[in-house]
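Residues per chain are reported as follows:
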Amino acid sequence: MLKILYFAGLRERLGVGCEELELPAGVSDVAGLLAFLSARGGQWAALATVRNLRYAVNQEMARPDSPLAAGDEVAFFPPVTGG
């Protein structure tokens, strides 16, 4: 199972803060997971259009080509600014 977390505006846009799902067949990295989630359509398609989307795998910043394995925690969050 993957634990997927959505933060900030993504949580509001998707209407969910987290979910668990089996690692989909053919998905081996963050980019593949993002494509899989976006393919759900509706509000999920917005994941593919978020500019500068950030990712973390097991609480470490990740890249689109970062590998995934069953049991990983993946977080998606938009960039935020502060002062």
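Up top you'll find the structure we're talking about.
Heads up: these notes are all about the structure in this document. What you are looking at is a predicted structure, and each value in this text was computed from that prediction instead of being measured.

### Comments concerning unusual backbone geometry
Here A8, not a glycine, exhibits a phi torsion of approximately 55°, which is positive. As for its placement among the helices and strands, A8 is situated in the loop between β1 (2–6) and α1 (9–14). Accessibility expressed as a relative area gives 38% for A8, which makes it partly exposed.

### Section: the sheet that holds strand β4 (residues 60–61)
One open sheet holds the five strands; their spatial order is β2-β1-β5-β3-β4, and the pairing between them is mixed. On the outer flanks of this sheet lie β2 (18–21) and β4, each paired with one strand and no other. Where strand β3 (residues 54–57) and β4 come together, two bridges link them in antiparallel fashion. Bridging from a neighbouring strand, A56 pairs with M61 of β4. Strands in contact with helix α2 (residues 30–38) are β1, β2, β3 and β5 (73–77); relative to β5, the strand with the most contacts, it is inclined by about 70°.

### Here we look at the pattern of salt bridges
In the structure shown here, the tally under the stated rule is two salt bridges. Here R40 ties to E19 by a salt bridge, and the two come within 2.9 Å at their closest N and O atoms. A residue pair is termed long-range when its members are at least 10 positions apart, and R40 in the loop between α2 and β3 and E19 in strand β2 qualify at 21 residues. The exposure class of R40 is partly exposed, given its relative accessible area of 36%. Assessed through its relative accessible area of 17%, E19 is described here as buried. Across the pair R63 and D65 runs a salt bridge, and its minimum N-O distance is 2.7 Å. Judged by its relative accessible area of 53%, R63 is exposed.

Rules of the game
Residues numbered from 1 in each chain as written. Predicted model: local features only at pLDDT ≥ 70, side-chain atom pairs only at ≥ 80, totals over all residues. Heavy atoms only, no water. Helix = DSSP H or I, 4+ residues; strand = E, 2+ residues; numbered from the N terminus. Buried < 20%, exposed > 50% of the residue type's maximum accessible area, 1.4 Å probe, protein only. Pairing = 2+ DSSP bridges. Contact = heavy atoms within 4.5 Å. Axes fitted to C-alpha atoms, helices over the stretch in contact; angles between N-to-C directions. Salt bridge = Lys/Arg side-chain N within 4 Å of Asp/Glu carboxyl O.

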